[in-house]
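Chain and residue survey
What follows is the residue order along each chain.
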Amino acid sequence: MAKRDFYEVLGVSKTCTEAEMKVAFRKAAMQWHPDRNPGNMEAEVQFKEINEAYQTLSDGQKRAAYDRYGHAAFEQGGGGNDGFASSMADIFDDLFGDVMGRRGNRNGPARGSDLRYNMEISLEEAFTGKLASLTLPASVTCEACDGTGAKSGAKPRVCPTCGGHGRVRAQQGFFAIERTCPQCHGRGEMIDDPCQACGGSGRVTKERTLSVNIPAGVEDGTRIRLSGEGEAGSRGGPAGDLYIFVSTKPHPFFQRDGADLFCRVPISMVQAALGGEVSVHTIDGSEAKVKITEGTQSGRQFKLKNKGMPVLRSREVGDLYIQATVETPQNLTKRQRELLMEFDAESSNKTHPESSGFFARMKDFFENLSGQ
Ligand SMILES: [Zn+2]
Ligand SMILES: [Zn+2]
């Protein structure tokens, strides 16, 4: 059987835009979706054709190849159908999401939802890593009734209203419509004596505890995925995933930038001028001595190598930068005041190379500008 032209299948022109094509595909796929045409072989064939056409034409490269060579572009010894099912599902999920995606799942296995857990840790914990224990609510099979929803010993009986189908048909004018059985709510069974532990639902909410290893060097915003630890699936479907979003609390002394840490340390004017030594704590809790060199200005940084944060999944370690902030003395005594005045009398452009002559230089600069 000759293959139909892909543009024709989608009902679009050869020059249509991607958006136009998407709209056309959506419309056609809705019309021929097997869920809407149960048992209709022709619909199934159409639906496959539509998907194949869209899959090709929505990909810029494939579309160009198809425009040039037609179907021959994709004929490789009759194969090439591998992966079709999965990519078809991808396209479908992408386009329809809630509209139809769930409909087909109503009676089949359904994957459980993903769960998100926000965890706040301290910078120290991010430094060492930690084994955290989380308590999560989880819906599990009721042990008292083994999931049947009936009190132990009692057996559910077939729903008399729907005969166990879970759905009933009703005639409305010319139409026969099918809806969920109002008596058993679609279960197809009746429980005369419901289990008290679960109220007849067969499932109970229990807390479960998980141990999670938070690796050293974890950063603010790191996401840890625990596959299969999300909500339980239903009807034998797989469980969803659990995502742990890690955030770190602000630290009173350290700021973090990647693997490096910064710590502002106030030093006295005298220490800054004469030099000296200060003792600081590092993130691992130990003490480190920092040599303040003579004539240190505010903002100068002293690096403590390898005293920063570990880099996630590596053996590298960042550095700790001590940022000196010179504190100007306040609340001077009379004697201190006199000493400083005496000191100032002996100051020169050697003791204060930055500030002496600064205002004169600034004045010159602007006078020259206006003089030009
Ligand atoms: Zn129960
Ligand atoms: Zn029923």
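Residues numbered from 1 in each chain as written. Chains lettered and ligands numbered in written order. Predicted model: local features only at pLDDT ≥ 70, side-chain atom pairs only at ≥ 80, totals over all residues. Heavy atoms only, no water.

As for the coordination of the zinc ion (ligand 2)
A four-donor tetrahedral metal ideally has 109.5 degree angles, and a six-donor octahedral metal ideally has angles of 90 or 180 degrees. At the metal site, the zinc ion (ligand 2) is ligated by Cys159 (SG), Cys162 (SG), Cys181 (SG) and Cys184 (SG), and these contacts range over 2.2 to 2.3 Å. One can describe the site at the zinc ion (ligand 2) as tetrahedral: its four donor atoms subtend angles covering 101 to 116° at the metal. Ordering the donors of the zinc ion (ligand 2) by residue number gives the pattern C-x2-C-x18-C-x2-C. Linking Cys162 in the loop between β3 (157–158) and β4 (167–172) with Cys181 in the loop between β5 (175–180) and β6 (189–190), this pair joins segments that are 19 residues apart in sequence. Judged by its relative accessible area of 7%, Cys162 falls in the buried class. On the basis of relative accessible area, Cys181 is assigned to the buried category, the value being 1%. (Donors = N, O, S within 2.8 Å, 3.2 Å for Na, K, Ca; no water. Tetrahedral: all angles 85-135°; square planar, octahedral: opposite > 155°, others 65-115°. Helix = DSSP H or I, 4+ residues; strand = E, 2+ residues; numbered from the N terminus. Buried < 20%, exposed > 50% of the residue type's maximum accessible area, 1.4 Å probe, protein only.)

Details of the environment of Lys249
Within the secondary structure, Lys249 sits in the loop between β9 (242–248) and β10 (255–257). In this structure the C-alpha to C-alpha distance between Lys249 and Asp220, which are 29 residues apart in sequence, comes to 8.7 Å. Once residues lying within four places of it in the same chain are set aside, the contact partners of Lys249 are Glu120 and Ile121. (Contact = heavy atoms within 4.5 Å.)

Focus on a nonpolar patch on the surface
Together, Phe358, Phe359, Met362, Phe365, Phe366 and Leu369 line one region of the surface with nonpolar side chains, adding up to about 650 Å² of accessible area. Structurally, Phe365 is set in helix α9 (residues 358–371). For Phe365, a relative accessible area of 49% translates into the label partly exposed. (Patch = residues over 30% accessible without salt bridge, like charges linked within 9 Å, V, L, I, M, F, W, Y side chains within 5 Å. Areas by Shrake-Rupley, 256 points an atom, 1.4 Å probe, with all protein chains shown as cover. Salt bridge = Lys/Arg side-chain N within 4 Å of Asp/Glu carboxyl O.)

In short, geometric facts, not functional conclusions.
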